[in-house]
Amino acid sequence: MDKFTALEPTRLYSSSASATNKRASRAQPISRWIGKLPADIHLLVLIYLPIPDIPAYARASRATASLSRDEKIWERRWNDLAITRHALDDTLNDLESKQKPKASTCSPPTIPVDDDFGDFTSAPRTPSVPSLSAAFTSFAFTDASPGKQTFRTRYIRAHSILYKCLAPLQQPPHTVLSALTPLIGTSLLSQARSLRLLSCFLSPHIQPVRNWDILLAALKAATDRFDVSLLTAFDAADSRGDEVMMRQAAHASWEVWPGFGDWEMGKVWAEKREILYEQGRWNPLANFTEENTLDFTPMDEFMASVIRALEQHGTRAVFVFPPAAGVLIGFAERVANEVVGEYIAPLLTRAREISNTLYLTAVAASFREAWKIVDVLITVSSSFSGKGKDKAEDVVFMMFESNMDEYLDEEIESLKQAFELICKEWARSTLALASHGSPTQAQRTRFLTAQNPALMKRNVLASFTDVLLLPVTIVPRTVGAGVVAVGGAVGGAVGAVGTGMVQGIAMLNPQRWVGGTGSVNNAKEYASFGLGDSEGEAAIFEIGADEEGGDDGVDEVSMAPSSAQDTISIASTNAAATSFVPSTSSTSQTDVASSASAMKETLAPTGNLDLLLSLDVALQLIHADRDALKRLETFASYPGHYGMRVRETIEEAFCEMLGVLCNRHLEKGFGIATERMDSYKPAEHEETASVAPLLQFFELVHIGDTIQSMVQVFFDKELAPHIDKTDFLNVVVREKKRFENTLDDCVAAGLNAGTQVLMNQVEHIILTLTKPREYYPPEDAPLELGSTQGCTEAIRCLDTHCKLLKGSTSKEVLEVFYQEVGIRLLAILQKHIKRQIISLNGGFQVIADLNAYYSFIASLKVPTITADFSHLKMLGHVFVVEDAKDLAQIVRDVTRYGGAYRPEDIYEFIQRRADWKKIEKTVDKTMYNLSFKEDCVIC
């Protein structure tokens with residue numbers, strides 16, 4: 001037994017270790033499972049658990065107690081109070097400051113107890129509210145450090161403060177406000193903020209007490225009574241003009257507004273504005289004159305009244321009401337819809353009854369007038385500047401949306417009708433001029449009579465650009481307002497056109513473009529006339545001087561439509577529609593030095609090809625499209641669906657203009673010109689030095705090139721801001737490219753026909769002016785080494801027409817034309833030589849003519865055809881070689897002509913020698929070592 005020693009009792013865990021382990025166990029993370037449910041499910045339940053049930057849940061175990069202190073739960077509760085969102089921290093502090101004296105005498109001391117149920121300490125139950133919430137409020141959470149502001153500590157503080165304000169809600173409804181006044185203060189704003197804070201506290205998301213729904217109903221009833229009293233005070237202050245009191249009542253009412261439905265105070269204030277009930281003062285139909293034209297002076301007065309009301313009431317609304325209430329924008333919407341919209345509707349209806357053009361003008365002008373609402377809103381309130389400007393613009397956009405579908409559809413239809421009228425008027429005037437014109441009338445072309453067509457074209461485009469830069473008057477007014485009221489041919493379209501349009505057409509008068517060339521009498525170049533009676537009402541036009549007694553069947557001045565419905569916005573240029581037809585003044589050019597210009601001055605018309613195209617028609621089409629475009633640009637800032645439709649309509653209008661200009665004018669005119677040139681027969685005309693159809697076709701080419709340049713300028717100035725020019729799939733870019741390709745094809749086809757006509761004329765000149773023995777003169781005739789008359793006239797004809805084409809087409813097309821002329825001239829000369837009998841002396845004459853032709857071709861600077869004519873010039877030597885053997889050697893020398901002619905080809909030429917019968921045997925024997933008498937045997 002001695003060898004067994006008893007074991008001494010030892011302390012397994014010291015007291016310090018026990019405390020440490022206890023604290024460590026509390027610091028361990030929450031288990032992922034609490035009972036049979038994951039901790040996440042418990043947490044989700046706690047987020048929606050009423051506040052009175054949280055202490056009971058925390059007492060279930062250490063895990064539930066620890067989970068009840070999770071920040072996610074209390075962050076949700078704090079956010080539901082909306083103290084931070086609505087900036088109610090000062091209100092909470094004020095409530096706490098009012099409760100501090102009472103809390104120092106009534107609040108019992110608590111002793112912190114460290115237990116396993118979340119560090120709660122018991123306190124006497126508050127008898128005033130017999131509910132389980134007392135169990136929650138009777139505990140003080142003491143585990144958080146004083147300096148640490150967690151969501152849990154924030155909510156506990158707010159809960160303890162607001163809970164003490166719930167007792168007055170159990171009193172009778174009519175005494176609730178008076179009982180709450182000592183707790184929430186006496187100022188209107190503090191009372192409103194306190195009531196709002198209590199309504200958030202008693203919300204279903206928090207449920208701070210068991211009977212929260214009963215208390216919330218009592219609070220809502222008290223809030224409604226408070227809001228009614230605020231509305232009464234606001235009305236009284238409004239009646240006496242006390243804006244300070246109105247501001248206090250409005251801000252207090254906004255604080256207690258629940259946030260859904262209409263805000264009663266703002267709605268009542270807007271309904272009492274007199275501007276909403278003054279529609280009877282204004283007559284929308286007063287904007288129409290007795291002549292059924294538009295004069296928006298009455299609408300200016302109406303909008304001035306509306307703007308004054310918006311400025312007056314808007315300034316007060318900005319000062320009185322909170323910015324978030326949106327009272328000003330709501331009031332502006334009512335004014336726009338109920339006042340301005342009701343004024344515009346009958347105006348547009350009446351305008352539609354009169355004419356479509358007047359309707360389009362009225363729509364754009366009405367929208368421009370209504371846009372003043374946006375300007376005044378931006379001026380009155382700074383909240384509408386910058387990004388807030390969209391709200392102000394939406395007021396007018398939404399008001400005008402009901403008119404947009406009809407307007408956009410009518411804009412395109414009216415534009416098509418305007419284009420149709422322009423084309424028909426041009427066809428009618430052209431037919432009249434062609435049927436009444438006499439061959440003696442000198443229908444001189446414009447570009448061809450200019451000293452410098454390229455400079456003239458630049459002047460035209462510069463004037464056209466100036467016209468595009470002219471402002472367009474959208475809102476029609478009287479003469480006193482600074483806009484000329486045009487009657488007669490202009491009709492109801494004055495609103496869309498305005499002074500800029502009328503003066504623009506006058507600026508583009510073709511007579512002005514050539515004023516410095518001497519083709520017209522400068523003293524009588526223009527005649528101004530007015531369509532009005534008084535001097536201030538006259539619409540100024542500029543037209544060419546009338547010929548003496550010249551009644552060509554077309555009244556250029558008094559051309560007026562039969563009715564206003566048939567009037568188009570561009571009709572003011574009907575007087576100028578035929579101004580492109582040259583004047584028949586007897587004044588002749590005396591300062592023209594070149595022979596080509598002198599020839600052009602005496603040119604008589606053939607087939608009236610110069611009537612097939614007109615810059616005036618292009619101007620009218622472009623200006624009609626520009627008028628529509630300027631009206632559409634008024635709506636360019638429209639957002640959403642209608643903004644897309646406006647942009648599509650702008651593109652469609654331009655494409656429609658290009659289509660009409662291309663298919664109805666350019667393509668048709670060039671086609672007729674090509675057909676007439678094909679039917680031209682030089683033998684039927686006495687004039688041999690020029691080809692009248694070709695000269696007139698060159699004028700058409702100049703006009704077509706100018707029209708294309710005008711379209712390009714119009715595209716760059718007006719369309720480019722609305723589309724992406726680099727987008728080759730864009731419908732406008734594609735249509736413009738098609739227009740340019742069609743014009744190029746028309747010019748190319750016409751040049752092909754014109755080249756054939758020119759060469760036929762050249763061949764006719766050579767045949768008719770070449771004498772029978774031109775190249776076989778008598779032996780005793782003196783030898784003249786100059787060119788023959790036929791050669792001289794042919795070269796003069798070619799040189800004249802080739803120079804006329806310069807400046808009207810591209811360098812590539814010009815080079816192709818020159819090359820085609822050279823190739824065809826080469827064939828004509830070869831054919832012409834083969835028809836002649838050429839003596840030795842006549843051979844020198846052939847060489848002289850070939851040298852002249854070569855010099856002309858060399859001046860064209862086309863290397864390929866220059867080389868061909870150089871070889872043809874060398875071919876002339878075969879007619880001046882006397883020795884037959886030498887001639888045969890020349891014929892066999894292929895390298896002499898650069899391979900352009902074979903010996904067989906040259907053999908055909910030498911057969912035209914006068915002495916061919918004498919030298920034929922020698923030439924054949926030398927060339928082919930052949931003699932028919934010796935080598936040929938007939939059996």
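Computed from a prediction, not measured in an experiment: that's the story for all the values here.

(A) Fine view of the overall build of the chain. When helices and strands are tallied, the chain shows 35 helices and two strands. The proportion of buried residues among the 939 residues of the chain is 50%. Once local pairs closer than 6 in sequence are excluded, the contacts in the chain between residues at least 24 apart make up 77%. Only carbon and sulfur atoms are counted for the fraction: they give 53% of the accessible area of the chain, which is about 44900 Å².

(B) Looking closely at the packing of helix H15 (residues 327–354) against helix H16 (residues 356–370). Where H15 contacts H16, the two axes come as close as 7 Å, and the packing angle between them is 165 degrees. Between H15 and H16, the interaxial angle falls into the category roughly antiparallel. Crossing of H15 over H16 shows right-handed handedness. Packed against H15, whose contacting residues are Val340, Ile344, Leu347, Leu348, Ala351, Arg352 and Ile354, the element H16 presents Asn356, Leu358, Tyr359, Ala362, Val363, Ser366 and Ala370 at the interface. Of the residues belonging to the contact of H15 with H16, the class tally is eleven nonpolar, two polar and one charged.

(C) Unusual backbone geometry, seen in detail. We note that Ala87 has phi near 55 degrees; this positive angle belongs to a residue other than glycine. Following the sequence through the fold, Ala87 ends up in the loop between helix H5 (71–81) and helix H6 (89–106). Owing to a relative accessible area of 48%, Ala87 belongs among the partly exposed residues under this scheme. Phi at Asn292 takes a positive value of approximately 60 degrees, unusual for a residue other than glycine. Its place among the elements puts Asn292 in the loop between helix H13 (264–271) and helix H14 (297–320). The class of Asn292 is partly exposed, set by a relative accessible area of 31%.

(D) How the structure looks around helix H17 (residues 372–380). Within H17, the full set of buried residues consists of Ile373, Val374, Val376 and Leu377. An end-on view of H17 places all buried positions within 165 degrees of arc, on one side of the element.

(E) Geometry of the nonpolar core. In this structure, Phe321, Phe670, Phe697, Leu758 and Val923 are the most contacted members of the largest nonpolar core, which totals 230 residues. For Phe670, the residues in contact, after removing those within four places along its chain, are Leu613, Phe697, Leu700, Val701, Leu743, Cys746 and Val747.

(F) Quick look at the packing of aromatic side chains. Scanning all chains against the criterion turns up 26 aromatic pairs. Look at Phe367 and Trp371: their rings are 5.7 Å apart centre to centre, the planes differ by 35 degrees, and that puts the pair in the tilted class. Like Phe367, the residue Trp371 is buried in the burial classification. A ring pair is formed by Tyr901 and Phe909, whose centres lie 6.3 Å apart and whose planes are at 90 degrees; its orientation type is edge-to-face. Using a relative accessible area of 1% as the deciding quantity, one classes Phe909 as buried. Following the ring pairs from residue to residue traces out a cluster consisting of Phe367, Trp371, Phe397, Phe400, Tyr407, Phe635, Tyr638 and Tyr642. Stacked on the ring of Phe715, the Lys or Arg Lys736 has its end atom at 5.1 Å from the ring centre. One cation-aromatic arrangement involves Lys834 over Phe909; the distance from NZ or CZ to the ring centre is 5.1 Å.

(G) Spotlight on the environment of Asp883. Locating Asp883 in the fold gives a position in the loop between helix H31 (863–875) and helix H32 (884–892). Each C-alpha atom of the pair Asp883 and Val923 lies 9.4 Å from the other, and the pair is 40 residues apart in sequence. Within the local environment of Asp883, its side chain forms a polar contact with the backbone nitrogen of Lys885, the two atoms lying 3.2 Å apart. Side-chain polar atoms of Asp883 contact the backbone nitrogen of Asp886, separated by 2.9 Å.

(H) Here's a closer look at helix H30 (residues 840–860). The end-to-end C-alpha distance of H30, which contains 21 residues, comes to 31 Å, matching closely the 30 Å that a straight helix rising 1.5 Å per residue would cover. Backbone geometry just downstream of H30 places Lys861 in the positive-phi region, at approximately 60 degrees.

(I) Representation of the environment of Asp868 within the structure. Here Asp868 lies in helix H31. Distance in space between the C-alpha atoms of Asp868 and Ala900 is 7.3 Å, their sequence separation being 32 residues.

(J) Broad picture of a negative patch on the surface. Together, Glu333, Asp390, Asp394 and Glu401 make up a region of like negative charge exposed at the surface. When residues of the negative patch are assigned to their parent elements, the largest contribution, three residues, is made by helix H18 (residues 389–436). Along the chain, Glu401 turns up in helix H18.

(K) Structural context of a nonpolar patch on the surface. Where nonpolar side chains cluster on the molecular surface, the patch consists of Leu37, Ile41 and Val45 and spans about 240 Å² of accessible area. The residue Val45 is located in helix H2 (residues 39–47) in this model. Using a relative accessible area of 48% as the deciding quantity, one classes Val45 as partly exposed.

(L) Expanded view of the pattern of salt bridges. On inspection of all chains with the given rule, the structure shows 39 salt bridges. One salt bridge in this structure joins Arg210 and Asp53, with 2.2 Å as the shortest N-O distance. With a gap of 157 residues between them, Arg210 in the loop between helix H10 (188–201) and helix H11 (212–240) and Asp53 in helix H3 (residues 53–58) connect regions that are remote in the sequence. Owing to a relative accessible area of 21%, Asp53 belongs among the partly exposed residues under this scheme. Salt-bridge contacts for Arg316 lead to Asp238; the nearest nitrogen and oxygen are separated by 3.4 Å. Of the two residues, Arg316 sits in helix H14 while Asp238 sits in helix H11, which places them 78 residues apart along the sequence. Under the relative-accessibility criterion, Arg316 is labelled partly exposed at 21%.

(M) Region of the structure containing the confidence of the model for the chain. Put simply, the chain has an average pLDDT of 75, and 73% of its residues get 70 or more. Here residues 102–107 is a poorly scored stretch, pLDDT under 50, and it has three contacts once near neighbours within four places are set aside; other chains count. Considering only residues more than four positions removed or in separate chains, one finds that residues 437–445, a stretch of pLDDT under 50, has 22 contacts.

(N) The arrangement of the environment of Glu338 in detail. Note on placement: Glu338 falls in helix H15. On the basis of relative accessibility, which here comes to 30%, the residue Glu338 falls in the partly exposed class. The contact partners of Glu338, leaving out residues within four places of it in the chain, are Leu276 and Gln279.

(O) Seen up close, the state of the cysteines. Tallied over the full model, the rule gives zero disulfides. Its sulfur unpaired, Cys797 is 9.0 Å from the next cysteine sulfur, which belongs to Cys802. The class of Cys802 is buried, set by a relative accessible area of 2%.

Cut-off values and rules
By convention here, each chain's residues receive numbers from 1 onward along its written sequence. Selection of residues for local features in this predicted model requires a pLDDT of at least 70, selection of side-chain atom pairs for listing and counting requires 80 or more, and totals for whole chains, interfaces and linings are taken over all residues. Hydrogens and water molecules were not included; the side-chain quantities draw on all heavy atoms of the structure. Secondary structure elements are defined from DSSP: runs of H or I of at least 4 residues count as helices, runs of E of at least 2 residues count as strands, and each element is numbered from the N terminus. For the exposure calls, accessible area comes from a 1.4 Å probe over protein chains only, and a residue counts as buried if that area is under 20% of its type's maximum, exposed if over 50%, partly exposed in between. Two residues qualify as a contact provided that any one of their heavy atoms is within 4.5 Å of a heavy atom in the partner residue. In these tables, accessible area is a Shrake-Rupley quantity obtained with a 1.4 Å probe, and a residue counts as shielded only by the protein chains included in the view. To obtain an axis, a line is fitted to C-alpha atoms, over the contacting stretch when the element is a helix, and the angle between two such axes runs from 0 to 180 degrees between their N-to-C directions. Roughly parallel means an angle under 35 degrees; roughly antiparallel, over 145; roughly perpendicular, 65 to 115; everything else is oblique. Handedness of a helix crossing follows the sense of rotation of the near helix relative to the far helix, less than a right angle counterclockwise being left-handed and clockwise being right-handed. Only Asp, Glu, Lys and Arg are considered charged in this grouping, and only Ala, Val, Leu, Ile, Met, Phe, Trp, Tyr, Cys and Pro are considered nonpolar; every other residue, Gly among them, is considered polar. The arc under discussion is defined with respect to the helix axis, by the directions toward the C-beta atoms. Throughout this description, the term nonpolar core refers to a set of buried Ala, Val, Leu, Ile, Met, Phe, Trp, Tyr and Cys residues connected via side-chain atoms within 4.5 Å. Between the rings of Phe, Tyr and Trp (Trp by its six-membered ring), a pair exists once the centres lie within 6.5 Å; its type follows the angle of the planes, with under 30 degrees stacked, over 60 edge-to-face, and the other angles tilted. The rule is short: NZ of Lys or CZ of Arg within 6 Å of the ring centre and within 35 degrees of the ring normal puts a charge over the ring. Any pair of N or O atoms that falls within 3.5 Å is considered a polar contact. Within protein, one atom must be able to donate a hydrogen and the other to accept it, and sequence-neighbouring residues count only if both atoms are side-chain atoms. Each helix should span, by expectation, one fewer than its residue count multiplied by 1.5 Å. Only residues whose relative accessible area exceeds 30% and that form no salt bridge enter a patch; like-charged residues are grouped when within 9 Å of one another, and nonpolar side chains (Val, Leu, Ile, Met, Phe, Trp, Tyr) when within 5 Å. Should a side-chain nitrogen of Lys or Arg be within 4 Å of a carboxyl oxygen of Asp or Glu, the pair is scored as a salt bridge. Neither His nor the chain termini are counted; the positive set is Lys and Arg, and the negative set is Asp and Glu. Charge positions are represented by NZ for Lys, CZ for Arg, CG for Asp and CD for Glu. Looking at any residue, its pLDDT shows the predictor's confidence there, from 0 to 100. The disulfide criterion is simple: two cysteine sulfur atoms within 2.5 Å.

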